[in-house]
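Chain by chain, the residues run as shown.
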Amino acid sequence: MGYLFGLLGTLTLVKSASTLQAEQYLAPFARGEKICAFALSEPDAGTNSFNIKTTAVAEGGGFRINGNKWFITNIDNSDALLLVAKTAPSGKEAVKSGSLSLFLIDLPNESLDYTPIPKHGFNYYKSNQLFIEDLFVPESALVGTLGKGFASLAPTLNAERLLVAAGSIGLARLALSSAVLYASERVVFDVPIGAHQAVQHPLAAAHARLESAWWTVRQAAAMEDQGDQSAHATALANTAKYVAVEAAIDACYHSLQAHGGAGYAREYHQERWWREVQLFRLAPLTQQMTLNFIGQHVLGLPRSY
Ligand SMILES: Cc1cc2nc3c(=O)[nH]c(=O)nc-3n(C[C@H](O)[C@H](O)[C@H](O)COP(=O)(O)OP(=O)(O)OC[C@H]3O[C@@H](n4cnc5c(N)ncnc54)[C@H](O)[C@@H]3O)c2cc1C
């Protein structure tokens, strides 16, 4: 997931970096020589990004930034940070007037302090609380247009959903293939356990769901490749994220079940995959928000938030 949040930062830069920023950062990011972390989430704002409290105040040729973020993944291992801060009012006013701005900050930086949040899975990356105290950045750190940070992030959102969708399916395919192998080899009542329909059918059904989700992901990804940012493309990206994650969670669960007690043991990967796949329901976007999008923009139901 570190790569995922990092990619969100990098993709935004591809679309919105100044010539100078592109020259300095994009080539090393693309080559994997440098990594960019991404800091949007805050404890008090939740999914409502327009309510973030981190502020960037104009001051003598630059901006003074103060605030707190959480779950900032891989910042401890990154060379730069794409930070989202508020440069205008909160709430509905902010949505109307534009309010969020993006800043690209070199790491490490003495005005940034972070501490890891112990977490359920994905422990090969740290996700951190981030404290920003009196950070001064020059005007050249601004990415895109002042107050239009959300507009800069928006064109990356479909790609982000598709990355999660494809990543979930990849993980689930691995879980499924290892379950098939185990169910073919493990003999309990004289035959391999995979001969029992109670073991075989959930695996076959998981395969069917994954394949179906995969074709939705492919179709949405083809539209993304063509630069399609239409409402239809966005609806399909949200649909792909939703169905792929649900199919992946189901496949990881049945992979664990097919392994019996071994699936619960740290020695096997099943319990870790089961823990880790849950993240995709929550981050970087919750399943509820994909359903909000589909409910409102595809089905035409009233906006719920
Ligand atoms: C391991 C991990 C790594 C992360 N890495 C990063 C990172 O690098 N950078 C970063 O900026 N962020 C990161 N995040 C944060 C992540 O993007 C957020 O946790 C996620 O967007 C959800 O926001 P929240 O946790 O504030 O949930 P909340 O917004 O508090 O939501 C809580 C629950 O309420 C539901 N809910 C809220 N509003 C509505 C509504 N209107 N309709 C229906 N349901 C609703 C949500 O779907 C959710 O189930 C990470 C999170 C995790 C767990």
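Just so you know, these numbers come straight off a predicted model, no measurement behind them.

What counts and how
- Residues numbered from 1 in each chain as written.
- Predicted model: local features only at pLDDT ≥ 70, side-chain atom pairs only at ≥ 80, totals over all residues.
- Heavy atoms only, no water.
- Near = heavy atom within 4 Å.
- Polar contact = N/O pair within 3.5 Å; in protein donor to acceptor, adjacent residues only side chain to side chain.
- Areas by Shrake-Rupley, 256 points an atom, 1.4 Å probe, with all protein chains shown as cover.
- Helix = DSSP H or I, 4+ residues; strand = E, 2+ residues; numbered from the N terminus.
- Nonpolar A, V, L, I, M, F, W, Y, C, P; charged D, E, K, R; others polar.
- Domains from an automatic or database assignment.
- Contact = heavy atoms within 4.5 Å.
- Buried area = accessible area lost by both parts, 1.4 Å probe.
- Salt bridge = Lys/Arg side-chain N within 4 Å of Asp/Glu carboxyl O.

Draft legend 1. Here's a closer look at the site of the ligand. The full set close to the ligand counts 20 residues, and Ser41, Thr47, Phe71, Thr73 and Thr286 are the nearest of them. In this structure, a nitrogen atom belonging to the ligand sits 3.0 Å away from a side-chain N or O atom of Asn292. In isolation the ligand has 970 Å² of accessible area, and contact with the protein removes 72% of it. Among the secondary structure elements, those contributing two or more residues to the shell around the ligand are strand E1 (36-39), strand E3 (62-73), helix H9 (279-282) and helix H10 (287-298). Looking at the shell around the ligand residue by residue, the class counts come to 11 nonpolar, eight polar and one charged. Two domains each provide a minimum of three residues to the shell around the ligand, namely domain 1 (2-146) and domain 2 (154-298).

Draft legend 2. Inspection of the domain arrangement of the chain at higher detail. One can read the domain layout of the chain as domain 1 (2-146) and domain 2 (154-298). Between the C-alpha centres of domain 1 and domain 2 the distance comes to 29 Å. Each side of the interface is counted separately: domain 1 has 14 residues, and domain 2 has 14 residues. In total, domain 1 and domain 2 occlude about 1,300 Å² of area from one another, counting both sides; carbon and sulfur atoms represent 76% of this. Three residues stand out in domain 1 for area buried against domain 2, namely Leu4, His120 and Phe122, and they jointly supply 40% of the buried area on that side. Remark: the boundary between domain 1 and domain 2 carries zero salt bridges. Our count for the domain 1 to domain 2 interface comes out at two residue pairs in polar contact (both at pLDDT 80 or more). Counted by class, the side of domain 1 that touches domain 2 contains eight nonpolar, five polar and one charged residues.

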